[in-house]
Amino acid sequence: MCNKNITLKKYLKLLCEVMFYRIVIAAVFWITGYDQFSVAGLIKVLVPIRTLGDGFISAYLVFFLFIPFLNILVHHMSEKQHIKLLVLVSFAYVFLGTFSPITSVTMNYASWFMVLYIISSYFRLYPKRLFDNSKVWGIATICCIVISVASIVICTWIGVKLNKRLYYNFVSDSNTLLAVLTGISSFLFFKNVKIRQSGFINTVASTTFGVLCIHANSDAMRQWLWKDTLDNVGYYSTSVGYIHAIGSVLVIFIICSLIDYIRIKMIEKPFFILIDKKIVNITESYRNAEKHFFDKHGIH
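Residues numbered from 1 in each chain as written. Predicted model: local features only at pLDDT ≥ 70, side-chain atom pairs only at ≥ 80, totals over all residues. Heavy atoms only, no water.

A.B. asks: How should I be thinking about the overall build of the protein chain in this particular structure?
C.D. replies: Tallying secondary structure elements over the protein chain gives 12 helices and zero strands in all. Its helices and strands taken in sequence order, the protein chain reads α-α-α-α-α-α-α-α-α-α-α-α from the N to the C terminus. Dimensions of the protein chain along its principal axes, counting C-alpha atoms only, are 70 × 60 × 45 Å. Counting only contacts in the protein chain whose residues sit at least 6 apart along the sequence, the fraction spanning at least 24 positions is 70%. On the protein chain, roughly 19,900 Å² of surface is accessible, and the fraction owed to carbon and sulfur atoms is 69%. Averaging the locations of the 29 positively and 15 negatively charged side chains of the protein chain gives two centres separated by 8 Å. (Helix = DSSP H or I, 4+ residues; strand = E, 2+ residues; numbered from the N terminus. Contact = heavy atoms within 4.5 Å. Areas by Shrake-Rupley, 256 points an atom, 1.4 Å probe, with all protein chains shown as cover. Lys, Arg positive; Asp, Glu negative; His and termini not counted. Charge placed at Lys NZ, Arg CZ, Asp CG, Glu CD.)

A.B. asks: Can you help me understand unusual backbone geometry in this one?
C.D. replies: Leaving glycine out, the prevailing phi sign among residues is negative, and the prevailing peptide bond configuration is trans. Located in the positive-phi region is Asn163, a residue other than glycine, with phi close to 60 degrees. Mapped onto the secondary structure, Asn163 falls in the loop between helix 6 (134-162) and helix 7 (177-191). The exposure class of Asn163 is exposed, given its relative accessible area of 71%. Phi is positive for Asp231, close to 50 degrees, though the residue is something other than glycine. As for its placement among the helices and strands, Asp231 is situated in the loop between helix 10 (219-229) and helix 11 (232-235). Judged by relative accessible area, which is 34%, Asp231 ranks as partly exposed. (Buried < 20%, exposed > 50% of the residue type's maximum accessible area, 1.4 Å probe, protein only.)

A.B. asks: Can you walk me through the nonpolar core in this structure?
C.D. replies: As a rule of thumb, soluble globular proteins bury nonpolar side chains together. Ranked by size, the top nonpolar core spans 49 residues in total, and within it Phe63, Trp112 and Phe113 carry the most contacts. Among the elements that take part in this core, helix 5 (residues 109-125) stands out by supplying 11 residues, more than any other. Not counting chain neighbours up to four residues away, the residues in contact with Phe63 comprise Leu70, Ala110, Phe113, Met114 and Tyr117. (Core = buried A, V, L, I, M, F, W, Y, C linked by side-chain atoms within 4.5 Å.)

A.B. asks: Looking at this model, I keep getting lost on the environment of Ile299. Mind explaining?
C.D. replies: Topologically, Ile299 is positioned in the segment after helix 12 (241-296). Looking at Ile299, the relative accessible area reads 39%, which means it is partly exposed. Leaving out residues up to four positions away in the same chain, Ile299 has contacts with Phe293 and Phe294.

A.B. asks: When you look at the side chain of Ser58 in this model, what are you seeing that I'm missing?
C.D. replies: Checked against the element boundaries, Ser58 lands in helix 3 (residues 56-76). With a relative accessible area of 5%, Ser58 lands in the buried category. At 3.4 Å, the side chain of Ser58 forms a polar contact with the backbone oxygen of Pro48. Contacts of Ser58, omitting those with residues within four sequence positions, involve Arg22, Pro48, Ile49, Arg50, Thr51 and Leu52. (Polar contact = N/O pair within 3.5 Å; in protein donor to acceptor, adjacent residues only side chain to side chain.)

A.B. asks: Before we go on, may I ask you to explain the packing of aromatic side chains in this structure?
C.D. replies: The way to describe two aromatic rings as a pair is by their centre distance and the angle between their planes. Going through the model one piece at a time under the given rule, you end up with 24 aromatic pairs. For the ring pair Phe56 and Phe113, a centre distance of 5.3 Å and an interplane angle of 70 degrees mean the geometry is edge-to-face. Of this pair, Phe56 sits in helix 3 while Phe113 sits in helix 5, and the two are 57 residues apart along the sequence. By relative accessible area, Phe56 is classed as partly exposed at 40%. Owing to a relative accessible area of 10%, Phe113 belongs among the buried residues under this scheme. Ring geometry for Tyr60 versus Phe63: centroids 5.9 Å apart, planes at 40 degrees, classification tilted. Remark: Phe63 and Tyr60 occur in helix 3; sequence separation between them is three residues, near one turn of the helix. Across the pair, exposure class does not vary: Tyr60 and Phe63 are buried alike. (Phe/Tyr/Trp six-rings, centres within 6.5 Å; stacked < 30°, edge-to-face > 60°.)

In structure tokens, the structure reads:
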């Protein structure tokens, strides 16, 4: 994203996808009587951005609007300034977010995405030989995973001794140290894996945000899918628990991916073919109105 322009059409595609699944899934639950209809519930469905604390989709919709400004920042800094900013945001979010309860960071995913943007844009804008060494990053990924697992075991043991819950302190959220190191290492490893162009992979990849929008749509969806239909808790201690865990995830991904593929072909593409010209006109009208406003008030 740091080398691309964010357009109204891109944002509308994202917003329309989110709203399509919110409205359709909520309507199905209301019509079937699985969830009770209410005015408050309807308003909740129709408001696309409700929280930035722990809602990935809402936070991403807000973060997306910051990208043009972030691009101005990362492209006008020197490499030294980029490194200094990277260290600063890592201290504020990763270091302070790791050593709980001594230190603490109240997570806001919109701003956390901006931190990740600053980190990842450095790899994109300032290529190094080290960043292209798949062997180094493959080993680093394995080491980070092993250390992460070990940290859970050790924290669990200490927690039992102290009679406190310390199980996942170093991997408990996406801004903790081991989670970040594992993410960076695995990202740089897979970045360097040579995979030939695949239409199938690209098609499936285009549906992954839709998969998220479907299976994590709402509390009602989570209740119906994971608790009532799949009975995850009931299978947890059974002999087929592992098969159930892996199989259910694969089946849900495949079904949701197929649903979103149909949505893209049957709804999204025809819809944007119809409104493409209107989007161009709206964008031009907005730019003219913006220019008029700023010129009138002497803002440059």
